[in-house]
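Now for the letters of each chain:
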Amino acid sequence: MLDIQKIRADFPILSEKVNGKPLIYFDNGATSQKPQVVIDAEAKYYQEINANIHRGVHTLSQLATDAYEISRVKLQHHINAKFSHEVLFTSGTTHGINLVANGFASILKSGDEILVSSLEHHSNIVPWQMLCEKTGAVLKVIPINEEGELIISEYESLLSEKTKIVTVNHISNALGVINPVKEMIAKAHAVGAAVLIDGAQAVPHLKPDVQDLDCDFYAFSGHKMCGPTGTGILFGKEEWLNKLPPYQGGGEMIKEVTFEKTTYADLPHKFEAGTPNIAGGIVLGTAVDYLNNIGFGNIQLQEKKLLEHATKRLLEIEGLRIYGNGKNKASVVSFNIDGIHPYDIGSIIDKLGIAVRTGHHCAQPIMNFFCIPGTIRASFSFYNTKEEIDEMVEAVKKAKNMLS
Ligand SMILES: *Cc1c(COP(=O)(O)O)cnc(C)c1O
């Protein structure tokens, strides 16, 4: 059992007031809060070892390089990648997906197919549309059912030898649905397609095992898992990373440069042009340690309790509908109340210190599917409590009475 009050004390922002009320933070799907150890590690880096990496022979440069590379190995173990050079530091999920989509421009031919799902975040749709424009490849979309689950039989019939890459999220940011990615990856491999998993919403809740999943790429952001903004990881299988061309050119990513010809550095540096977010990369390792110390088993137990409690309490409100009711769900509740715009409820409860997300959650196709402008999304973290959920339910009831 987690001592939630003790954990809450690790997060200084959770004792702040917003609009004069104690903060209730239910926008974890957009970004998580940061524990003091993460905040301290960032300051410590700048106070003690700040220097550019992989460049100088001087002591600080070596200390910074070591810390950065130790963090890479930590991340490698966290996701169970076979090699540390399969773990690329990025600025976030968006960067990782664009890196892969850009690389596929040299692989795809006109008429090849890319499969995305209806549940994707815009950052896992738009880069593939841009790739289609560049190559003449065709974007195909895996549909969902009324519960917000991917229809696997439709997925199977969309797969063919024309499919070159399937790209799907592990957990939907808008609905919290957990997709059967392992099964989907095996089916894609059976037709020779590569698979990218957008793990942005999964990594706060679970420890992905990229070898067990057998995905070709797995992208995620640090800031949704207690780490700093502007950090992220792209895992890629060695054979794929060797096959893809570099994404950006610059320092750090070369072996030799002349005006006649430049040769590229080995993995992972081939994909890491320029000075990276050194502090961020190191501190992402601190965040991963923090989560592993709490334990993902404990995190999941706590979040399951919060999800069940929130679902039960919210459904007491007449006219309230929850979107995404599959069996496999992360601690996200996306809902609307009949006849009331989600934005109006969000603004009223914000005055009471409650932070939720309202809108389309960067996933407009899902909103179009349900014929709604958006939803109110409450996304819970292990540091949230049932009491906070009860306060939100009372606040939503109050807002409903004011608006109807
Ligand atoms: C947040 C999110 C992204 C984008 O992450 P960035 O950190 O903004 O790059 C992509 N996909 C999903 C599912 C997300 O939740």
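Numbering of residues starts from 1 in each chain and follows the order in which that chain's sequence is written. Where totals are concerned, whole chains, interfaces and linings use all residues; where local detail is concerned, this predicted model gives features only for residues with pLDDT of at least 70, and gives and counts side-chain atom pairs only at 80 or more. Excluded from the side-chain calculations are hydrogens and water; all other atoms, namely the structure's heavy atoms, are used.

- The protein chain is annotated in an unreviewed UniProt entry as Cysteine desulfurase from Flavobacterium gyeonganense.
- UniProt positions are given in the numbering used here, feature names are shortened, and annotations may be inferred rather than shown by experiment. One UniProt comment on the protein chain, placed under Catalytic activity (unreviewed entry), says "(sulfur carrier)-H + L-cysteine = (sulfur carrier)-SH + L-alanine".
- Quoted verbatim from the Sequence similarities (unreviewed entry) field of UniProt, the annotation for the protein chain is "Belongs to the class-V pyridoxal-phosphate-dependent aminotransferase family. Csd subfamily."

## Here we look at the environment of Thr-135
Thinking step 1. Position of Thr-135 among the secondary structure elements: in helix H5 (residues 126–135).
Thinking step 2. Residues Thr-135 and Ser-106, 29 residues apart in the sequence, show an inter-C-alpha distance of 8.6 Å.
Thinking step 3. Apart from the residues lying within four places of it in its own chain, the contact partners of Thr-135 are Ala-105, Leu-108, Lys-109 and Ser-110.
Thinking step 4. Among the polar contacts made by the side chain of Thr-135, one reaches the main-chain carbonyl oxygen of Leu-131 at a distance of 2.8 Å. Numbering of helices and strands runs from the N terminus, with a helix taken as a DSSP run of H or I at least four residues long and a strand as a DSSP run of E at least two residues long. Here, two residues are considered to be in contact whenever any of their heavy atoms come within 4.5 Å of each other. Nitrogen and oxygen atoms within 3.5 Å of one another constitute a polar contact, given that in protein one can donate a hydrogen and the other can accept it, and given that sequence-neighbouring residues count only through two side-chain atoms.

## A closer look at the domain arrangement of the protein chain
Thinking step 1. The domain architecture assigned to the protein chain consists of domain 1 (4–30 + 295–403) and domain 2 (39–292).
Thinking step 2. Computed from C-alpha atoms alone, the centre-to-centre distance between domain 1 and domain 2 is 28 Å.
Thinking step 3. Contacts between domain 1 and domain 2 engage 36 residues on the former and 34 residues on the latter.
Thinking step 4. Interface area for domain 1 against domain 2, summed over the two sides, is near 2,700 Å², with a carbon-plus-sulfur share of 58%.
Thinking step 5. We define a salt bridge as a side-chain nitrogen of Lys or Arg found within 4 Å of a carboxyl oxygen belonging to Asp or Glu. The tally of links from domain 1 across to domain 2 stands at one salt bridge. Here the limits of each domain have been adopted from an automatic or database domain assignment. Buried area counts how much accessible surface, traced with a 1.4 Å probe, disappears from two parts once they are put together, with both parts' losses summed.

## What about the pairing of strand E8 (residues 194–198)?
Thinking step 1. In this scheme, a residue with accessible area under 20% of its type's maximum is buried, one over 50% is exposed, and one in between is partly exposed, where area comes from a 1.4 Å probe on protein chains only. Of all five residues in E8, five are buried, a share of seventy percent or more.
Thinking step 2. Residues Ala-194, Leu-196 and Asp-198 of E8 are buried on one face, and the alternating residues Val-195 and Ile-197, pointing to the opposite face, are buried as well.
Thinking step 3. Here five bridges tie strand E7 (residues 163–169) to E8, and the two strands are oriented parallel to one another. Considered in E8, the bridge of Ile-165 is made with Ala-194.
Thinking step 4. Relative to strand E9 (residues 217–221), E8 runs parallel, the two sharing three bridges. Looking across to E9, one finds that Ile-197 is bridged to Tyr-218. Whether two strands pair comes down to DSSP finding at least two bridges between them.

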